[in-house]
Amino acid sequence: MPVIASPTHYLFQIVREGITFLACTQVEMPPLMAIEFLCRVADVLSGYLGGLNEDLVKDNFVIVYELLDEMIDNGFPLTTEPNILREMIAPPNIVSKMLSVVTGNSSNMSDTLPGATASCVPWRTTDVKYANNEVYVDLVEEMDAIINRDGVLVKCEIYGEVQVNSLLSGLPDLTLSFANPSILDDVRFHPCVRFRPWESHQILSFVPPDGQFKLMSYRVKKLKSTPIYVKPQLTSNDGTCRISVMVGIRNDPGKTIDSITLQFQLPPCVLSADLTANHGAVDILSNKMCSWSIGRIPKDKAPSLTGTMVLETGLERLHVFPTFQLGFRIMGVALSGLQIDKLDLKNVPSRLYKGFRALTRAGEYEVRS
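This write-up is about the structure you can find in this document. (Residues numbered from 1 in each chain as written. Predicted model: local features only at pLDDT ≥ 70, side-chain atom pairs only at ≥ 80, totals over all residues. Heavy atoms only, no water.)

**A few points about a nonpolar patch on the surface**
Taken together, the side chains of I4, L11 and L22 present a nonpolar region at the surface, about 250 Å² in accessible area. Mapping I4 onto the fold places it in strand β1 (residues 3–5). Classification of I4 by relative accessible area gives partly exposed; the value is 41%. (Patch = residues over 30% accessible without salt bridge, like charges linked within 9 Å, V, L, I, M, F, W, Y side chains within 5 Å. Areas by Shrake-Rupley, 256 points an atom, 1.4 Å probe, with all protein chains shown as cover. Salt bridge = Lys/Arg side-chain N within 4 Å of Asp/Glu carboxyl O. Helix = DSSP H or I, 4+ residues; strand = E, 2+ residues; numbered from the N terminus. Buried < 20%, exposed > 50% of the residue type's maximum accessible area, 1.4 Å probe, protein only.)

Structure representation (structure tokens):
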């Protein structure tokens with residue numbers, strides 16, 4: 001449960017990469033505010049430390065403490081914008097660690113206030129200047145799907161993000177519109193987005209932070225098809241189980257599908273397995289996880305994995321069947337069908353470069369056998 005209530009306290013928690021982030025309050029408050037703040041803390045720490053695990057937090061304890069001290073003040077969220085925090089607290093690097101050892105000064109705090117404190121928008125610094133003005137917009141989507149043992153698509157939806165890299169001088173004002181915004185569900189925005197233009201015309205109007213940031217996230221639900229099929233067959237008798245798995249393209253997205261992988265956990269009752277594939281490489285790890293790296297699907301054959309599994313003594317047939325997790329990547333396509341219509345910019349120099357990209361990859365993509 002993300003929220004635990006006791007007679008005197010409320011506890012809010014999220015789990016990221018095996019680390020639990022916990023917040024405590026003695027008064028009632030909007031639960032989503034606490035959960036969103038914890039998510040922002042986790043994102044900031046991950047960005048600063050280049051990942052999240054127990055060792056990284058321990059090795060950079062001073063920076064973690066300094067970040068928390070700036071992000072929350074007297075129990076209230078204060079500065080949570082990553083671009084502003086980076087001006088106040090320098091990210092860790094080898095040079096700063098060596099200097100802290102030599103000088104004994106372990107603080108990464110800046111001696112000057114960030115430029116955004118004098119700006120009319122708190123997420124953007126003043127007097128930003130670039131020789132070349134550029135803005136890049138990426139649609140990054142993850143497909144979550146569940147396919148049951150009969151091959152029926154039970155669930156298929158997209159979680160997507162609009163990621164922007166803004167390298168613009170001055171105080172630019174941007175307007176981003178989509179060709180088909182009606183397909184979007186569960187939209188969430190960066191604080192820079194003005195809500196009224198979206199509410200009335202589904203247009204994103206905003207003054208961007210400097211550098212990279214997530215402009216919005218969304219879901220597209222109830223999709224009818226997937227780009228790849230996985231057909232597993234398992235038959236068992238006399239203490240052995242024969243397995244055959246075929247993978248192929250169901251709906252060609254028009255772009256190359258690569259980085260295809262298929263993973264499944266061997267059932268606990270399997271003593272050993274002899275598996276081979278006609279394309280790619282098959283590895284069985286020590287924790288009985290089988291990983292099949294396919295890469296790209298060749299044009300002349302459908303990749304297949306076959307083999308036998310030996311069951312425990314006294315067990316005639318397999319009673320627990322594996323679930324297959326599929327991974328893939330498609331550059332240049334947003335499988336949700338979302339299309340950017342245009343990006344207009346105000347208060348920027350005439351010489352400007354705009355770039356757009358799309359990427360879809362597998363999220364929680366399960367095929368049951």
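Once you've had a look at it, read on.
**Considerations on helix α3 (residues 61–71)**
Taken together, the buried positions of α3 are occupied by I63, V64, E66, L67, E70 and M71. Buried residues along α3 cover an arc of 165 degrees about the axis, so they all sit on one side. Relative to its buried face, α3 has exposed residues pointing more than 90 degrees away, namely F61 and Y65. Residues of α3 that are buried in the fold lie against α1 (31–49), α2 (54–59), β4 (72–73), β5 (76–77) and α4 (82–88). (Arc of directions from axis to C-beta. Contact = heavy atoms within 4.5 Å.)

**Notes on the pairing of strand β7 (residues 153–167)**
On any regular strand, side chains alternate: one points to one face of the sheet, the next to the other face. Looking at chain direction, strand β6 (residues 133–147) and β7 are connected through 14 bridges and run antiparallel. In the sheet register, D144 faces β7, and the bridge partner there is E157. The turn linking β6 back onto β7 is made up of five residues, and G151 within it adopts a positive phi angle of 80 degrees. In terms of strand pairing, β7 meets strand β12 (residues 211–220) through nine bridges, oriented antiparallel. Bridged to Q163 within β12 is K214. (Pairing = 2+ DSSP bridges.)

**Side note on the nonpolar core**
Within the largest apolar cluster, 65 residues are counted, with the highest numbers of intra-cluster contacts made by V162, L176, L204, F206, L215, F328 and Y365. If you tally residues by element for this core, the top one is β6, at six residues. In this view, L176 contacts V137, V162, I203, L204, F206, L215, I340, K342 and L343; residues no more than four positions away in its chain are not counted. In this structure, A34, I35, F37 and I63 belong to the second largest nonpolar core, which totals 25 residues. (Core = buried A, V, L, I, M, F, W, Y, C linked by side-chain atoms within 4.5 Å.)

**What to know about the sheet that holds strand β22 (residues 352–368)**
What the nine strands build is an open sheet, ordered β9-β12-β7-β6-β22-β20-β15-β18-β17; its pairing is mixed. The open sheet has two edge strands with one neighbour each: β9 (185–189) and β17 (281–284). With direction set aside, neighbouring strand axes in the sheet form an average angle of 15 degrees. (Axes fitted to C-alpha atoms, helices over the stretch in contact; angles between N-to-C directions.)

**Here's the deal with the pattern of salt bridges**
One pass over the structure, following the stated rule, counts 11 salt bridges. The partner of R188 in a salt bridge is E36, with the nearest N and O atoms 2.4 Å apart. Note that R188 is positioned in strand β9 and E36 in helix α1, a separation of 152 residues in sequence. We note a salt bridge from D186 to K221, for which the minimum N-O separation is 3.3 Å. With D186 in strand β9 and K221 in the loop between β12 and β13 (228–237), the pair connects residues that are 35 residues apart, well separated along the chain.

**Things to note about the sheet that holds β1**
Ordered by their spatial adjacency, three strands build an open sheet running β1-β2-β3, and the pairing between neighbours is antiparallel. Two strands in the sheet have a free side with no partner beyond their single neighbour: β1 and β3 (19–25). Along the sheet, successive strands turn relative to each other by an average axial angle of 20 degrees, direction set aside. Direction of pairing for strand β2 (residues 10–16) relative to β3: antiparallel, over a ladder of seven bridges. Bridged to Q13 within β3 is L22. Running over the sheet, α1 touches β1, β2 and β3 and is turned about 35 degrees from β2.

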